[in-house]
Amino acid sequence: GRAEVEHVSTFLVLGRRVGIVVALVLVLIQPGFGTRAAPSQSSDIEVLVVVDRTRSMAALDHQGGPRVFGVQRDLADLAEALPGARFALLTYGSEVELELPFTSDATTFGTAIETLRLEGPFDGSGSQADRPLEAMREILERADEQHPDRRRIVVYVSDGENTPDREQASFEELEDLVDGGIVLGYGTEEGAKMPEADDLSTDDGYIYDQDRGEDAVSRIDEENLRSIAAELGVDYAHRAQPGGMGAVADDFEASYSLTGGEDAPAKHDLTWLFGLVLLALVLFELRSWWRALWTSHTVLAPARGGST
């Protein structure tokens, strides 16, 4: 009877509204099937970044803060200016560590740079600019064997300071393995003190030089850095201000190509289909509302007319 009809009508209205919600969710998640290759940019260069993480890189003479903070900012800018390039990160202090092998994942490289930590005040055995030389040679030779078609770029980052009393080995043995690059120098001739705290704040004071009876001061050795650059056959740049890494990247003359990416959108996108279903359900709902409004209007109209 009438109750059954009203029950069915209520069920249909509820089902239609649930259908609207489901269709809306499906449109938002953009369903589909199959895959297609999404173009991504790749570069023909492999950039070996070598970073000095001895305590001298904590000296407070780069924009009023630690040298390493400037290093992190500059390397992040360089990576942004070289989309698709493969980066590796080699650091040296008392030990030489390959922090990151060659990767085209810019986020991973950025994280490695952001989390770079210097040696503690008493962990190292002094600064020696040639300490990573052997590791650099091995990495570059391996890269040449695995990908001879790619150009190898070296970015050497340091203040150039040598504290052990011995002659520095030459970087000339790497020249044939290097297709370009730059030596980036940090610090000033006047030098600066080095915080003792691990977070590089001055809360715990500064590293103390027991021999001299005063706070230790680290100074850049630009002559040494220029010599390293000449031996590698690359340019040298003293970094005292932020910016300009785009021009450095341009000098590497990287070439780019488009390749298929893994995280690609679906080949057959069904969003449009569920969009049509959603539109139809909304139109039915609007029609139902309009009919209910019109019915109530026609019912109330005679009553208003009779009361006048």
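Data block above holds the structure.
Residues numbered from 1 in each chain as written. Predicted model: local features only at pLDDT ≥ 70, side-chain atom pairs only at ≥ 80, totals over all residues. Heavy atoms only, no water.

Draft legend 1. A look at the side chain of Arg239. Tracing the backbone through its elements, the reader meets Arg239 in strand E12 (residues 235-239). Here the side chain of Arg239 touches Gln241 through a polar contact of 3.1 Å, landing on its backbone oxygen. At a separation of 2.7 Å, a polar atom in the side chain of Arg239 contacts the main-chain carbonyl oxygen of Gly243. Not counting chain neighbours up to four residues away, the residues in contact with Arg239 comprise His62, Asp74, Leu184, Gly185, Tyr186 and Met245. (Helix = DSSP H or I, 4+ residues; strand = E, 2+ residues; numbered from the N terminus. Polar contact = N/O pair within 3.5 Å; in protein donor to acceptor, adjacent residues only side chain to side chain. Contact = heavy atoms within 4.5 Å.)

Draft legend 2. Just a nonpolar patch on the surface, in detail. Taken together, the side chains of Leu276, Leu279, Val282, Leu283, Leu286 and Trp289 define a hydrophobic patch exposed on the protein surface, amounting to about 570 Å² of accessible area. Structurally, the position occupied by Trp289 is in helix H7 (residues 271-306). (Patch = residues over 30% accessible without salt bridge, like charges linked within 9 Å, V, L, I, M, F, W, Y side chains within 5 Å. Areas by Shrake-Rupley, 256 points an atom, 1.4 Å probe, with all protein chains shown as cover. Salt bridge = Lys/Arg side-chain N within 4 Å of Asp/Glu carboxyl O.)

Draft legend 3. Spatial organisation of the side chain of Arg55. Mapping Arg55 onto the fold places it in the loop between strand E3 (45-52) and helix H2 (67-81). Salt bridges are absent for the buried Arg55, whose nearest opposite-charge side chain, Asp198, sits at 4.7 Å. Only 2.7 Å separates the side chain of Arg55 from the backbone oxygen of Ala197, close enough to count as a polar contact. If sequence neighbours within four positions are ignored, Arg55 has contacts with Leu118, Glu119, Gly120, Pro121, Met194, Pro195, Glu196, Ala197, Asp198, Leu200 and Ile207. (Buried < 20%, exposed > 50% of the residue type's maximum accessible area, 1.4 Å probe, protein only. Lys, Arg positive; Asp, Glu negative; His and termini not counted.)

Draft legend 4. The arrangement of the pairing of strand E6 (residues 151-158) in detail. Across the 8 residues that make up E6, a large majority, 7, are buried. For E3 and E6, the ladder comprises 7 bridges, and the chain directions are parallel. Each residue of the ladder has a partner; that of Leu48, found in E6, is Val154. The pairing of E6 with strand E7 (residues 180-186) spans 6 bridges and is classified as parallel. Along E7, the bridge assignment pairs Val157 with Leu184. (Pairing = 2+ DSSP bridges.)

Draft legend 5. Representation of the packing of aromatic side chains within the structure. With the rule as written, the count across this model stands at 3 aromatic pairs. When the centroid spacing of 6.2 Å and the interplanar angle of 25° are considered together, the rings of Tyr92 and Tyr156 count as stacked. Within this pair, whereas Tyr92 is found in strand E4 (residues 86-92), its partner Tyr156 is found in strand E6, the two being separated by 64 residues in sequence. Both residues of the pair, Tyr92 and Tyr156, count as buried. Look at Tyr156 and Phe171: their rings are 5.6 Å apart centre to centre, the planes differ by 75°, and that puts the pair in the edge-to-face class. Here the residue Tyr156 occupies a position in strand E6, and Phe171 occupies one in the loop between E6 and E7, the gap between them amounting to 15 residues. The buried category is assigned to Tyr156, whose relative accessible area is 0%. A network of ring pairs unites the aromatic residues Tyr92, Tyr156 and Phe171 as a single cluster. Above the ring of Tyr206, the side-chain terminus of Lys193 is found at 5.0 Å from the ring centroid. (Phe/Tyr/Trp six-rings, centres within 6.5 Å; stacked < 30°, edge-to-face > 60°. Lys NZ or Arg CZ within 6 Å of the ring centre and 35° of its normal.)

Shape descriptors only; they carry no functional weight alone.
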